[in-house]
Amino acid sequence: MEGNVGSYVVSVSQDARHNFSKQLRPSIDLVEGLGVEGDAHCGTTVQHLSRVRRDPTQPNLRQVHLIQAELFVELEQEGFSVQPGDLGENITTHGIDLLALPEGTFLRIGAHAVVQVTGLRNPCLQIDHFQAGLLKAVLPRDSGGNVIRKTGIMGVVHTGGEVRVSDGIQVELPAEPRRPLERV
């Protein structure tokens, strides 16, 4: 297990409706194999409306959405104002480079909850309705022209439990060989 001293939960959010932003909560309950209790994206099969239209039988690899708070600081320097919950994440973290984690990483959050990382969140055009130009800011390209997806990661609930603001987060990397995150 990796130490990640100082890694913790900044905020937690949940919304029973398919809104772009989620409501901040004092805590959320993660339910094994389903996601965030009471959240619109909770379920064993896909809950994102566009994916349901394509194939409602797909497994839900997007039960929990996590974003690192460091992104908000970066976006503020570019003239945007984004706060926890605004981009629809369930858990806002501090002190972990979420985007650098390999697929299959376990995030042990608080006393009991464990989320297994499945991939990168792929933002949609709705993000520009929230703030004009934000999509381009969170989907820049590297020097080779490859898209960098900055809007967080997705995971499934491996072990249920309550997650609260200021809970510590421990990172457990998967065995070698490790696969980089791809969009899910």
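First, a word on what this report is: a plain description of the structure on this page. (Residues numbered from 1 in each chain as written. Predicted model: local features only at pLDDT ≥ 70, side-chain atom pairs only at ≥ 80, totals over all residues. Heavy atoms only, no water.)

## Some details on the sheet that holds strand β5 (residues 64-68)
In a beta sheet, neighbouring strands pair by backbone hydrogen bonds and run either parallel or antiparallel. Pairing is mixed in the open sheet, where eight strands are placed in the order β2-β1-β6-β5-β9-β8-β7-β11. One side of each edge strand has no neighbouring strand; the edge strands of this open sheet are β2 (23-25) and β11 (169-172). Neighbour to neighbour, the strand axes of the sheet diverge by 35° on average, direction disregarded. Sheet topology places strand β1 (residues 8-14) next to β2; three bridges connect them, and they run antiparallel. Opposite S13, over in β2, you have L24 as the bridge partner. (Pairing = 2+ DSSP bridges. Helix = DSSP H or I, 4+ residues; strand = E, 2+ residues; numbered from the N terminus. Axes fitted to C-alpha atoms, helices over the stretch in contact; angles between N-to-C directions.)

## Section: the sheet that holds strand β3 (residues 27-31)
With respect to topology, three strands assemble into an open sheet ordered β4-β3-β10, the strand pairing being antiparallel. Looking at strand neighbours, the two that pair on one side only are β4 (35-36) and β10 (161-164), the edges of this open sheet. As paired strands, β3 and β10 are joined by four bridges and run antiparallel to one another. Opposite I28, over in β10, you have V163 as the bridge partner.

## A look at the layout of surface pockets
In this model, the largest pocket occupies a volume close to 580 Å³. Forming the boundary of the largest pocket are 26 residues, of which H41, H48, R62, C124 and Q126 lie nearest the centre. When contributions to the lining of the largest pocket are tallied by element, the ones reaching two or more residues are α1 (49-54) and β5. Per element, the largest residue contribution to the lining of the largest pocket is five residues, and it comes from α1. (1 Å grid on protein atoms, 1.4 Å probe; cavity = no way out; pocket = protein on both sides within 12 Å on 5 of 7 lines; lining within 4 Å. Points joined across faces, edges and corners; volume = space filled by probe spheres on them.)

## Notes on the environment of F72
Here F72 shows up in helix α2 (residues 70-77). Separated by 25 residues in the primary sequence, F72 and D97 place their C-alpha atoms 13 Å from one another. Filtering out sequence-adjacent residues up to four positions away, F72 remains in contact with I67, V82, Q83, P84, L87, E89 and T92. (Contact = heavy atoms within 4.5 Å.)

## Notes on the pairing of strand β7 (residues 106-109)
Sheet topology places β7 next to strand β8 (residues 113-120); four bridges connect them, and they run antiparallel. Bridge pairing in β8 places F106 opposite Q116. Here β7 folds back onto β8, and the loop between the two strands holds three residues, one of which, G110, carries a positive phi near 65°. The pairing of β7 with β11 spans four bridges and is antiparallel.

## Side note on the side chain of S11
Structurally, the position occupied by S11 is in strand β1. At 2.9 Å, the side chain of S11 and the side chain of T92 are in polar contact. Once residues lying within four places of it in the same chain are set aside, the contact partners of S11 are L24, P84, N90, I91, T92 and V165. (Polar contact = N/O pair within 3.5 Å; in protein donor to acceptor, adjacent residues only side chain to side chain.)

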